[in-house]
Amino acid sequence: MEVKDAILIKKLKSHDADEVYHAFKCVYEKYYKLIFYCINNYVNNKEDSEELTNDTFLNVFNNLNNLNENKNLKYYLVVTAKNNAISFLRKRKDEVIPIENINKSISISTDLHNDTLNKLKKFLNEEELFIVVYHLIYGYSFKDIAIIKNKSINTIMSTYRRAIKKSYKKLKEANYE
């Protein structure tokens, strides 16, 4: 039998440790998959999503005073999850390696990557190069890159497709010369 959110919130705010524990467990079991799904839509990484999901529930637990029996608990959790995911991506954005340091940061097959990057730099603009490198080399999703660049996913994807087509054409021409 499913317990209503208003009752769960009342129990979470009670001073009985057992009641709080059981209510929190119930909220966690009821909304874990939804919160994980919401976060994973932003982060697109299972381990990070699991950690952020747990952080979301801890945030809610640490801010029980903000809960109101008349408000929608599900909505509160989803908004908290979304904010946690965005904060995580902003922190990741601050850790992003500047485009001018890309050559220095590639450790696998450095000579091959440097040679390829130098060729790509000849005909791709900085924006195209950034998107290609972050997607192909660093494994960022288009959604992550869109957040980093503060652009729509469609813009990032179309820029990426153009850059790949341009790269393929130029590299193909270079091999025939």
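Residues numbered from 1 in each chain as written. Predicted model: local features only at pLDDT ≥ 70, side-chain atom pairs only at ≥ 80, totals over all residues. Heavy atoms only, no water.

The next thing to look at is helix 8 (residues 142-149). Regarding helix 8, the residues found buried are F142, D144, I145, A146 and I148. Where helix 8 terminates, the next one or two residues include N150, which has phi positive at roughly 55 degrees. (Buried < 20%, exposed > 50% of the residue type's maximum accessible area, 1.4 Å probe, protein only. Helix = DSSP H or I, 4+ residues; strand = E, 2+ residues; numbered from the N terminus.)

A few words now on helix 3 (residues 46-62). Here helix 3 contains 17 residues, and its C-alpha end-to-end distance of 24 Å stays within 8% of the 24 Å for a straight helix at 1.5 Å per residue. Buried within helix 3 are the following residues: S49, L52, T53, T56, F57 and V60. Taken around the axis of helix 3, the buried residues stretch over an arc of 140 degrees, which confines them to a single face. Helix 3 presents E47, E51 and N62 as exposed residues on the side facing more than 90 degrees away from its buried surface. For helix 3, the N-terminal capping position is held by N45, with its side-chain oxygen 3.0 Å away from the main-chain nitrogen of E47. (Expected span 1.5 Å × (residues − 1). Arc of directions from axis to C-beta. Polar contact = N/O pair within 3.5 Å; in protein donor to acceptor, adjacent residues only side chain to side chain.)

What follows is about the packing of aromatic side chains. Across all of its chains, the model carries six aromatic pairs by this definition. Ring centres 6.4 Å apart and planes at 90 degrees place the aromatic pair F24 and F57 in the edge-to-face group. Of the two residues, F24 is situated in helix 2 (residues 17-43) and F57 in helix 3; the sequence distance between them amounts to 33 residues. An angle of 20 degrees between the planes, with centres 6.3 Å apart, marks the rings of Y32 and F36 as stacked. (Phe/Tyr/Trp six-rings, centres within 6.5 Å; stacked < 30°, edge-to-face > 60°.)

Before going further, it helps to examine the packing of helix 7 (residues 126-136) against helix 8. Across the interface, helix 7 lies against helix 8 with an axial gap of 10 Å and an inter-helix angle of 140 degrees. Classified by the interaxial angle, the pair formed by helix 7 and helix 8 is oblique. Judged by the sense of rotation from one axis to the other, the crossing of helix 7 with helix 8 is right-handed. Of the residues in helix 8, those in contact with E127, F130, I131, Y134 and H135 of helix 7 are F142, I145, I148 and K149. Of the residues that constitute the contact of helix 7 with helix 8, the class distribution is six nonpolar, one polar and two charged. (Axes fitted to C-alpha atoms, helices over the stretch in contact; angles between N-to-C directions. Parallel < 35°, antiparallel > 145°, perpendicular 65-115°, else oblique. Left-handed = near helix turned anticlockwise from the far one by under 90°. Contact = heavy atoms within 4.5 Å. Nonpolar A, V, L, I, M, F, W, Y, C, P; charged D, E, K, R; others polar.)

On to the pattern of salt bridges, then. Tallying each qualifying case throughout the model produces five salt bridges. The shortest N-O distance in the salt bridge between E127 and K149 comes to 3.4 Å. On the criterion of sequence distance, the pair formed by E127 in helix 7 and K149 in helix 8 is long-range, its members being 22 residues apart. On the accessibility criterion, E127 (22% relative accessible area) is partly exposed. A salt bridge links K166 to E128; the shortest N-O distance between them is 3.0 Å. (Salt bridge = Lys/Arg side-chain N within 4 Å of Asp/Glu carboxyl O.)

Below, the discussion takes up the confidence of the model for the protein chain. Mean pLDDT over the protein chain: 79, with 82% of residues reaching 70 or higher. When mean pLDDT is taken per element in the protein chain, helix 3 scores highest with 90 and helix 5 (residues 102-105) scores lowest with 40. Long-range and interchain partners of residues 96-112, a stretch whose pLDDT sits below 50, account for 25 contacts in this model, where long-range means more than four residues apart. (pLDDT = per-residue confidence, 0-100.)

A separate point is unusual backbone geometry. Excluding glycine, most residues fall at negative phi; most peptide bonds, likewise, are trans. Although it is not a glycine, N44 adopts a positive phi angle of roughly 60 degrees. Inspection of the secondary structure assignment puts N44 in the loop between helix 2 and helix 3. With a phi angle near 55 degrees, N150 is a residue other than glycine that sits in the positive phi range. With respect to the secondary-structure elements, N150 resides in the loop between helix 8 and helix 9 (153-176).

Tracing the sequence through the fold places T53 in helix 3. Once residues within four sequence positions are removed from consideration, T53 is found in contact with Y32, I35, F36 and I39.

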